[in-house]
Amino acid sequence: MKTKTIQKHLLNWYRQSGRVLPWRGARDPYAVWVSEVMLQQTRVETVIPYYERWMRTFPDVASLARAPQDEVLKQWEGLGYYSRARNLHKAADLIVSEFGGRLPDSAEELRKLPGVGDYIAGAIASIAFGRPEPALDGNGLRVLARLSAYDLPVNAARGKRELSKVLRGLLPAEGAGEFNQAIMDLGAGVCLPRSPRCDACPLAGVCAAFAQGRQSELPVRRSKKTTPHYEVVAAVIVEDGRVLIDKRNPDGLLGGLWEFPGGKVEEGEGLSQALERELMEELSVRTRVCEELGIYRHAYTHFSVTVHAFFTVITGGIPRALQAEKVEWVAIDRLADYAMGKVDRSIASDLKK
């Protein structure tokens, strides 16, 4: 590849046409870290208000480390992939206790932090500390696959590894962070997944895919497995203006969030039967299922669910947290204070109505 030509044309384009974002321009490693974690699996326009609110609430590593997990998860509510928030919180505590409150400045040390993989380590090291480290996200993979006419799946480990080497070879000695961001922006606005805007691309003259007329064929991606679907039931148990919710165990999917108790419907079960069984297993209570509050659908990364929420009455026993961190009776108008996933927040909103 014509490395100097790519550097010159891409950086000139970026300085004129790069995105203006709240975290751009600052060299604060904490701000870079927070923004990159939020941007994983989430669109930029969704992230911006969350980032701005987060930085007002937790302006530095120390304030994040001091915060209780419930407050951290509440600030994150709606962004999804909650393990990102839990890992930010754990890593902040580690940075304070092991690194004197400062993020380490090398990719190798950064990768030791919870939730920090190759991409985020490279982004922080290059953008905040000027290290010549590649930071390759999905947009960058697409740009480099087309630039080099790379024929293997970019979403396989080998593809990511080999294209990361390509990017490392293109990085300028000074300004690696700017170059990494330029690659990301080119993929976000010009080298699009469908109908790439090759006429507006500063690298069209050196792009192998464009020269071969293959830009619509690349990148190659390994086909995804079919995601399973589950029927789920949830109980809305109301007594004296309060509703029973439980807090999920801290690790795993939606860990640390509050929810309406329930679970998956097993093969051969009816919805009411499944809910009564789940409540006995989770809370050690006998129940009677009443009218349905609503049906809620949601897709996670590896599966999707249809959740049936029912008003439910306890007919025997006192609720105990057998499979959760704790249970709590909460005034309905205070549900907004408790961090919840998307489905449970929808149930809470409908209940309040």
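1. Digging into the overall build of the protein
And step 1. Across its full length, the protein carries 14 helices and 8 strands.
And step 2. Along the first, second and third principal axes, the C-alpha set of the protein runs to 75 × 45 × 35 Å.
And step 3. Put simply, the protein has 353 residues, and 49% of those count as buried.
And step 4. Pairs at least 24 residues apart make up 66% of the contacts formed inside the protein by residues separated by at least 6 positions.
And step 5. Surface exposure of the protein reaches about 17400 Å², of which carbon and sulfur atoms provide 48%.
And step 6. Taking the average location of the 48 positive side-chain charges in the protein and that of its 44 negative ones, the two points are 8 Å from each other.

2. Observations regarding empty space enclosed by the protein
And step 1. Evaluated as defined, the whole model comprises 1 cavity of 30 Å³ or more.
And step 2. Of the voids in this model, the largest cavity is the one considered here, and its volume is about 130 Å³.
And step 3. Lining the largest cavity are 15 residues, and of these Arg146, Cys191, Cys198, Cys201 and Cys207 lie nearest its centre.
And step 4. Each residue belonging to the lining of the largest cavity can be placed in one class, and the counts come to 12 nonpolar, 1 polar and 2 charged.

3. Focus on the packing of aromatic side chains
And step 1. Summed over the entire model, instances satisfying the criterion amount to 7 aromatic pairs.
And step 2. Arranged with centres 4.9 Å apart and planes meeting at 70 degrees, the rings of Trp54 and Phe58 form a pair that is edge-to-face.
And step 3. On the basis of relative accessible area, Phe58 is assigned to the buried category, the value being 1%.
And step 4. With a centroid separation of 5.7 Å and an interplanar angle of 65 degrees, the aromatic rings of Tyr230 and Phe303 are classed as edge-to-face. Of this pair, Tyr230 sits in strand S1 (residues 229–236) while Phe303 sits in the loop between strand S6 (286–299) and strand S7 (304–316), and the two are 73 residues apart along the sequence.
And step 5. Using a relative accessible area of 28% as the deciding quantity, one classes Tyr230 as partly exposed.
And step 6. In this structure an aromatic cluster arises from ring pairing among Trp54, Phe58 and Trp76.
And step 7. Cation over ring: Lys264 sits above Tyr230, and NZ or CZ is 4.0 Å from the ring centre.

4. Some details on the nonpolar core
And step 1. In this structure, Tyr30, Trp33, Met38, Trp54 and Trp76 are the most contacted members of the largest nonpolar core, which totals 48 residues.
And step 2. Of the residues forming this core, the biggest block, 8 residues, is contributed by helix H8 (residues 118–129).
And step 3. The residues contacting Tyr30, other than those within four sequence positions of it, are Trp54, Met55, Phe58, Pro59, Asp60, Val61, Leu64 and Leu103.

5. Quick notes on the pairing of S7
And step 1. Most of S7 sits inside the fold, with 10 of its 13 residues counted as buried.
And step 2. The pairing of S1 with S7 spans 8 bridges and is classified as parallel. Note that in S7 the partner of Ala234 across the bridge is Ala309.
And step 3. Of the strand pairs in this sheet, S6 and S7 are connected by 11 bridges, and their pairing is antiparallel. In the sheet register, Arg286 faces S7, and the bridge partner there is Gly316.
And step 4. Linkage of S6 to S7, two consecutive antiparallel strands, is achieved through a turn of 4 residues.

6. Examining the environment of Lys165
And step 1. Summarising the element assignment, Lys165 is placed in helix H10 (residues 157–170).
And step 2. In this structure Lys165 comes out as exposed when scored by relative accessible area, which is 61%.
And step 3. Each C-alpha atom, one on Lys165 and one on Pro134, is 8.1 Å from the other, the two residues being 31 residues apart in sequence.

7. Overview of the environment of Ala128
And step 1. Tracing the chain through its elements places Ala128 in helix H8.
And step 2. As for Ala128 and Gly25, which are separated by 103 residues in sequence, their C-alpha atoms are 9.6 Å apart.

8. Details of the environment of Lys225
And step 1. Its place among the elements puts Lys225 in the loop between helix H12 (208–212) and S1.
And step 2. Under the relative-accessibility criterion, Lys225 is labelled exposed at 77%.
And step 3. For the pair Lys225 and His302, spaced 77 residues apart in the sequence, the C-alpha separation amounts to 8.9 Å.

9. Quick look at the packing of H8 against helix H11 (residues 176–189)
And step 1. Running from amino to carboxyl end, H8 crosses H11 at an angle of 130 degrees, the nearest separation of the two axes being 7 Å. Of the possible angle classes, the one that applies to H8 and H11 is oblique. The handedness of the crossing between H8 and H11 is left-handed. Residues Tyr119, Gly122, Ser126 and Ile127 of H8 pack against Ala176, Gly177, Asn180, Gln181 and Met184 of H11.
And step 2. A per-class count over the contact of H8 with H11 returns 4 nonpolar, 5 polar and no charged.

10. Considering the side chain of Thr42
And step 1. Looking at the element boundaries, Thr42 is found in the loop between helix H2 (29–39) and helix H3 (44–57).
And step 2. At 3.4 Å, the side chain of Thr42 forms a polar contact with the backbone oxygen of Met38.
And step 3. When sequence neighbours within four positions are dropped, the list of residues in contact with Thr42 reads Val47, Leu79 and Arg84.

How each quantity is defined
Residues numbered from 1 in each chain as written. Predicted model: local features only at pLDDT ≥ 70, side-chain atom pairs only at ≥ 80, totals over all residues. Heavy atoms only, no water. Helix = DSSP H or I, 4+ residues; strand = E, 2+ residues; numbered from the N terminus. Buried < 20%, exposed > 50% of the residue type's maximum accessible area, 1.4 Å probe, protein only. Contact = heavy atoms within 4.5 Å. Areas by Shrake-Rupley, 256 points an atom, 1.4 Å probe, with all protein chains shown as cover. Lys, Arg positive; Asp, Glu negative; His and termini not counted. Charge placed at Lys NZ, Arg CZ, Asp CG, Glu CD. 1 Å grid on protein atoms, 1.4 Å probe; cavity = no way out; pocket = protein on both sides within 12 Å on 5 of 7 lines; lining within 4 Å. Points joined across faces, edges and corners; volume = space filled by probe spheres on them. Nonpolar A, V, L, I, M, F, W, Y, C, P; charged D, E, K, R; others polar. Phe/Tyr/Trp six-rings, centres within 6.5 Å; stacked < 30°, edge-to-face > 60°. Lys NZ or Arg CZ within 6 Å of the ring centre and 35° of its normal. Core = buried A, V, L, I, M, F, W, Y, C linked by side-chain atoms within 4.5 Å. Pairing = 2+ DSSP bridges. Axes fitted to C-alpha atoms, helices over the stretch in contact; angles between N-to-C directions. Parallel < 35°, antiparallel > 145°, perpendicular 65-115°, else oblique. Left-handed = near helix turned anticlockwise from the far one by under 90°. Polar contact = N/O pair within 3.5 Å; in protein donor to acceptor, adjacent residues only side chain to side chain.

Just distances and angles here, no functional claims.
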